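Chain by chain, the residues run as shown.
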Amino acid sequence: MDRNSVTGLALIALIMIVWLQFMSPDKKSVQPDNRPKAQTTATVSQEKTEAPAALRSDTFGVFAEASTGAEELVTVDNELFTMTLSSKGATIKSVVLKNHLDGQLKPFDLVSSHDKGALSLLFLNVEGKKIDTRELYFRLVSQEKKQTLSGKKTAVVRYRLDINPQQAIDIVYRFSGNSYKVDYDVKLTGFDNALAGNEYQLQWDGGLAYSEKNREDESHNALAGAFLGGSLVKIDASKENQTYREEQSGEAGWVAVRNKYFVAALIPGSKTEGIYLEGKKGSGHFEEYLASLKMSVPSTEKVASNHFSLYIGPLDYNTVKTLDANLEKIMDFGWDWLTRPFAEYVILPVFTWMNGFISNYGLIIIIFALLIKLVTYPLSMASTKSMKKMAALQPLLKELQEKYKDNPAKLQSELGRIYKEAGVNPLGGCLPVVLQMPLLFAMFYVFRSSIQLRHHGFLWAKDLSVPDSILDFGFSIPVYGDHIAVFPILMGVTVFIQQKITPTTQSNDQMKMMLYIFPVTMLLFFNNLPAGLGLYYLMFNVFSVAQQFYINSTTSTDDVPKAALEAASAAVASKKKKGSGKK
């Protein structure tokens, strides 16, 4: 392997490390908060609900009577989740997925704010009162407190809040037996000219509860986002004790909050006025997010109705793609113009196709690595031949460099002539590696965030979505980590072997050092990455070693142009002649 090839490979690791820093979501500066703000404390306490009527009136205005009442819970159980709704706020208090467990392999609740719920309407009325409907008691119109459904069966849960004879709020949830999507309808009666700015906001507050063992890693994937004007808007609350906000006007396709593998999205069925995102990082690496849609309430209409779709479930590309709302854009596959097409149109479709008849994702990864190696075989063959040509020309090139060391222009001219006559591209050894980089980077992004690998084991790796640790230190070693993972070690060995058997045009001390430095660099980099990614690169290298053995055994001097061999032979003969003359 010549210097250009090794440099290109070394850059892969370097670029990955730098990329992780510079491709992180933009940190939004704090902006003035001019919107009606939801309470950040716990649900109104019992003392507050029993406060004097005058105090309630001062706080809620015409909604004072609705601020007291008894909470009723409704449970909806379908094939995919169990959801708990509350009449206090007509909100969602709990969502437990049936097909996905947490890092301890136990059921977990996606809703982080169990006390007050996650979903609500937020508005400022003409009295100047900030109203969050989670502080108001709705009337449960539906009679059933628990509904179980499956298949194509549906269920409906209705809530109504009668404010006065002229004003009311109706909220309706519609469920199906085999879908994560929930239809959500809002009807405001008598609110024409009753709201400041003639708008309200539908918001998801509290982010999503973390599900993985490594909370720090999950915090790197948590964010709030919106699809606005055909592009993704997002905030990442990366620093503690700092509030991040983003507010924009326009028609939104959705707003959402996510953690590493799950998402809660609000998808409007009609035109929006804009979006508002807010985030703050608390203790234990938890990032709390709020995402809301701004909806218009026409001043000329007595009744304002809006339809929404709620998606609360896994960040599975194929599942969110069926929503036809561009929600898959919240999944990070790298650059939209380079790596994302490889992820969406090559890697994921092939994985889905193979999963149709192979259930073990470890085997799928191995087969996929083999397919990629077969596809890139022409590039590898071209690289090897290019390096052999360069190796044959080295004696002559060194002679030219010595002869024209004081005349760089003449040296470049002679080198260009030699390369042309020999049919050699000096970048031929590095170019095939560079051409494969978009695919390799796309694999990195897909394997890092793919829920398909989550809780799927292979050999000693119990979970391909996390490092295949066989020993935890209990403390962290800088750069390396707090554990020993096996796949990265094996991969480092295969990298070393591959470098040893690959033709090289250099034999200086620098190249000898790279023979050891590059495998160690890859080991350090992959030790903290998902086992699935380590397995892929390990098998890719194993197939590369086998391929290199085959290429070395099937290519000979016949594959090198005669001009290159003659030039090399002439240079060697010249050297021998000079040496014998000295004797």
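Everything below is about the structure printed above this text.
Residues numbered from 1 in each chain as written. Predicted model: local features only at pLDDT ≥ 70, side-chain atom pairs only at ≥ 80, totals over all residues. Heavy atoms only, no water.

## Observations concerning the overall build of the protein
Test applied: For helices the rule is a DSSP run of H or I covering at least 4 residues; for strands it is a run of E covering at least 2, with both sets numbered from the N terminus onward. Here, two residues are considered to be in contact whenever any of their heavy atoms come within 4.5 Å of each other. Surface accessibility follows the Shrake-Rupley procedure with a 1.4 Å probe radius. Residue values consider only the protein chains on display as shielding.
Within the protein one finds 14 helices and 21 strands. The contacts in the protein between residues at least 6 apart in sequence include a share of 68% that link residues at least 24 apart. Split by element, the accessible area of the protein, about 26700 Å² in all, is 56% carbon and sulfur.

## Things to note about the pairing of strand 2 (residues 81–86)
Residues in a regular strand point their side chains to alternate faces of the sheet. Just so we agree on the cut-off: Note on classification: 1.4 Å probe, protein chains only; a residue is buried when its accessible area is under 20% of the maximum for its type, exposed when over 50%, partly exposed between these limits. When DSSP finds two or more bridges between two strands, those strands count as paired.
The buried count for strand 2 comes to five of six residues, which makes it a mostly enclosed element. In this antiparallel pair of consecutive strands, strand 1 (residues 73–77) and strand 2, the connection spans three residues. Pairing geometry for strand 2 and strand 3 (residues 91–97), over six bridges, is antiparallel. When the bridges of strand 3 are listed, Met 83 appears paired with Val 95. Where strand 2 folds back on strand 3, the antiparallel hairpin that results is connected by four residues, among which Gly 89 adopts a positive phi of roughly 95 degrees.

## Focus: the side chain of Ser 450
As a reminder of what qualifies: Nitrogen and oxygen atoms within 3.5 Å of one another constitute a polar contact, given that in protein one can donate a hydrogen and the other can accept it, and given that sequence-neighbouring residues count only through two side-chain atoms.
If you trace the backbone, Ser 450 turns up in the loop between helix 10 (431–449) and strand 20 (469–477). With relative accessibility at 9%, the residue Ser 450 sits in the buried group. Within the structure, the side chain of Ser 450 is placed 2.6 Å from the side chain of Gln 452, a separation counted as a polar contact.

## As for the sheet that holds strand 7 (residues 146–148)
Cut-off, in case you're wondering: Where helices are involved, their axes are fitted lines through C-alpha atoms of the stretch in contact, as for all axes, and angles between N-to-C directions lie from 0 to 180°.
In space, the four strands of this open sheet follow the order 3-2-1-7, with mixed pairing throughout. If you trace the sheet from one side to the other, it starts and ends with strand 3 and strand 7, each paired once. The sheet shows a mean angle of 15 degrees between the axes of neighbouring strands, taken without regard to direction. Alignment of strand 1 against strand 7, held across three bridges, turns out to be parallel. Opposite Val 76, over in strand 7, you have Gln 147 as the bridge partner.

## Structural notes on helix 7 (residues 361–375)
Here is the rule we go by: Here the expected span of a helix is defined as 1.5 Å times the quantity of residues minus one.
With 15 residues, helix 7 ought to run about 21 Å at 1.5 Å a step, and its terminal C-alpha atoms sit 21 Å apart, in line with that. Where helix 7 is concerned, the buried positions are Tyr 361, Gly 362, Ile 364, Ile 365, Ile 366, Phe 368, Ala 369, Ile 372 and Lys 373.

## Some points on helix 6 (residues 339–355)
Note the following rule: The bend at a residue is defined as the angle formed between two axes, one fitted to the seven residues ending at that residue and one fitted to the seven starting there.
Compared with an ideal rise of 1.5 Å per residue, which puts 17 residues at 24 Å, helix 6 spans 22 Å between its outermost C-alpha atoms and is within 8% of the ideal. At Leu 348, helix 6 is bent by approximately 30 degrees, the largest bend along its length, and proline Pro 349 sits one to four residues beyond. Those residues of helix 6 lying buried are Thr 339, Arg 340, Ala 343, Glu 344, Ile 347, Leu 348, Phe 351 and Met 354.

## Re the packing of aromatic side chains
We apply this condition: Geometry of aromatic contacts follows a simple scheme: Phe, Tyr and Trp rings, the Trp one being its six-membered ring, pair when their centres are within 6.5 Å, and the pair is stacked under 30 degrees between planes, edge-to-face over 60, tilted otherwise.
Summed over the entire model, instances satisfying the criterion amount to 28 aromatic pairs. Summarising the aromatic geometry, the rings of Tyr 159 and Tyr 173 are spaced 6.4 Å apart at their centres and angled 85 degrees between planes, so their arrangement reads as edge-to-face. Note that Tyr 159 is positioned in strand 8 (residues 154–164) and Tyr 173 in strand 9 (residues 167–176), a separation of 14 residues in sequence. We classify Tyr 159 as buried; its relative accessible area is 1%. Residue classification places Tyr 173 among the buried positions, given a relative accessible area of 0%. Every member of this aromatic cluster is reached through a ring pair, and the members are Phe 351, Phe 368, Phe 444, Tyr 445, Phe 447, Phe 525, Phe 526, Tyr 536, Tyr 537 and Phe 540.

## Topic: the sheet that holds strand 11 (residues 199–205)
In a beta sheet, neighbouring strands are held together by backbone hydrogen bonds and run either parallel or antiparallel to one another. The six strands are arranged 5-4-11-18-17-14 in an open sheet whose pairing can be described as antiparallel. Strand pairing shows two members of the sheet lacking a second neighbour, strand 5 (130–132) and strand 14 (243–249), which therefore form its edges. The sheet shows a mean angle of 20 degrees between the axes of neighbouring strands, taken without regard to direction. In terms of strand pairing, strand 11 meets strand 18 (residues 287–296) through seven bridges, oriented antiparallel. Bridge pairing links Asp 205 to Leu 290 in strand 18.

## What about the nonpolar core?
Keep this limit in mind: Throughout, nonpolar core names a set of buried Ala, Val, Leu, Ile, Met, Phe, Trp, Tyr and Cys residues whose side chains join them through atoms within 4.5 Å.
Grouped together as the largest cluster of nonpolar side chains are 135 residues, with contacts concentrated most on Ile 92, Ile 169, Tyr 173, Trp 204 and Tyr 536. When residues of this core are assigned to their parent elements, the largest contribution, nine residues, is made by helix 13 (residues 531–554). Other than its neighbours up to four places away in sequence, Ile 92 contacts Met 83, Thr 84, Leu 85, Val 111, Gly 117, Ala 118, Leu 119, Tyr 173, Trp 204, Leu 310 and Ile 312.

## Observations concerning the pattern of salt bridges
Inclusion rule: A side-chain nitrogen of Lys or Arg and a carboxyl oxygen of Asp or Glu constitute a salt bridge if their distance falls within 4 Å.
The tally for this structure, following the rule as stated, stands at 18 salt bridges. We note a salt bridge from Asp 205 to Lys 116, for which the minimum N-O separation is 3.4 Å. On the criterion of sequence distance, the pair formed by Asp 205 in strand 11 and Lys 116 in the loop between strand 3 and strand 4 (119–124) is long-range, its members being 89 residues apart. Classification of Lys 116 as buried rests on a relative accessible area of 10%. Across the pair Arg 160 and Asp 170 runs a salt bridge whose closest N-O atoms are separated by 2.7 Å. Here Asp 170 lies in strand 9 and Arg 160 lies in strand 8, a separation of ten residues in the sequence. Given a relative accessible area of 25%, Arg 160 falls into the partly exposed group.

## Structural notes on the pairing of strand 13 (residues 231–235)
Taken together, the five bridges between strand 12 (residues 223–228) and strand 13 define a ladder with antiparallel strand orientation. Bridge assignment links Gly 225 to a residue of strand 13, and that residue is Lys 234. Counting the residues in the hairpin turn of strand 12 and strand 13 gives two residues, including Gly 229, whose phi is positive at 60 degrees.

## Quick look at the packing of helix 7 against helix 13
How we decide: An angle below 35 degrees is treated as roughly parallel, one above 145 as roughly antiparallel, one from 65 to 115 as roughly perpendicular, and anything else as oblique. Throughout, a crossing is termed right-handed when the near helix is turned clockwise from the far one, and left-handed when it is turned anticlockwise from it by less than a right angle.
One can describe the packing of helix 7 onto helix 13 by two numbers: an axis separation of 9 Å at closest approach and a directional angle of 40 degrees. As the angle between them shows, helix 7 and helix 13 are arranged oblique. Along this stretch, helix 7 crosses helix 13, giving a crossing that reads as right-handed. In this structure, helix 7 uses Gly 362, Ile 365, Ile 366, Phe 368, Ala 369, Leu 370, Ile 372 and Lys 373 to contact helix 13, whose residues at the interface are Gly 532, Leu 535, Tyr 536, Met 539, Phe 540, Phe 543, Ser 544 and Gln 547.

## Here's the deal with the side chain of Arg 134
For Arg 134, the position within the fold is in the loop between strand 5 and strand 6 (139–140). A distance of 3.5 Å separates polar atoms of two side chains, one belonging to Arg 134 and the other to Ser 120. A polar contact of 2.8 Å, which involves the side chain of Arg 134, links it to the side chain of Asp 132.

## Some remarks on the packing of helix 11 (residues 486–501) against helix 13
Inclusion rule: Under the scheme applied, nonpolar residues are Ala, Val, Leu, Ile, Met, Phe, Trp, Tyr, Cys and Pro; charged residues are Asp, Glu, Lys and Arg; polar residues are all the others, including Gly.
Interaxial distance between helix 11 and helix 13 falls to 9 Å at its minimum, and their mutual angle equals 20 degrees. One finds that helix 11 runs roughly parallel with respect to helix 13. Note on packing geometry: the crossing formed by helix 11 with helix 13 is left-handed. Contact residues: Phe 487, Leu 490, Met 491, Thr 494, Val 495, Ile 497, Gln 498 and Ile 501 in helix 11; Ala 531, Gly 534, Leu 535, Tyr 537, Leu 538, Asn 541, Val 542, Ser 544, Val 545, Gln 548, Phe 549 and Asn 552 in helix 13. Residues that form the contact of helix 11 with helix 13 fall into these classes: 13 nonpolar, seven polar and no charged.

## Focus: the environment of Ala 265
As for its placement among the helices and strands, Ala 265 is situated in strand 16 (residues 262–268). In this structure Ala 265 comes out as buried when scored by relative accessible area, which is 1%. Note: C-alpha distance between Ala 265 and Gln 203 (62 residues apart in sequence) is 9.9 Å. Not counting the four nearest positions on each side in its chain, Ala 265 is found in contact with Val 255, Ala 256, Ser 309, Leu 310, Tyr 311 and Leu 327.

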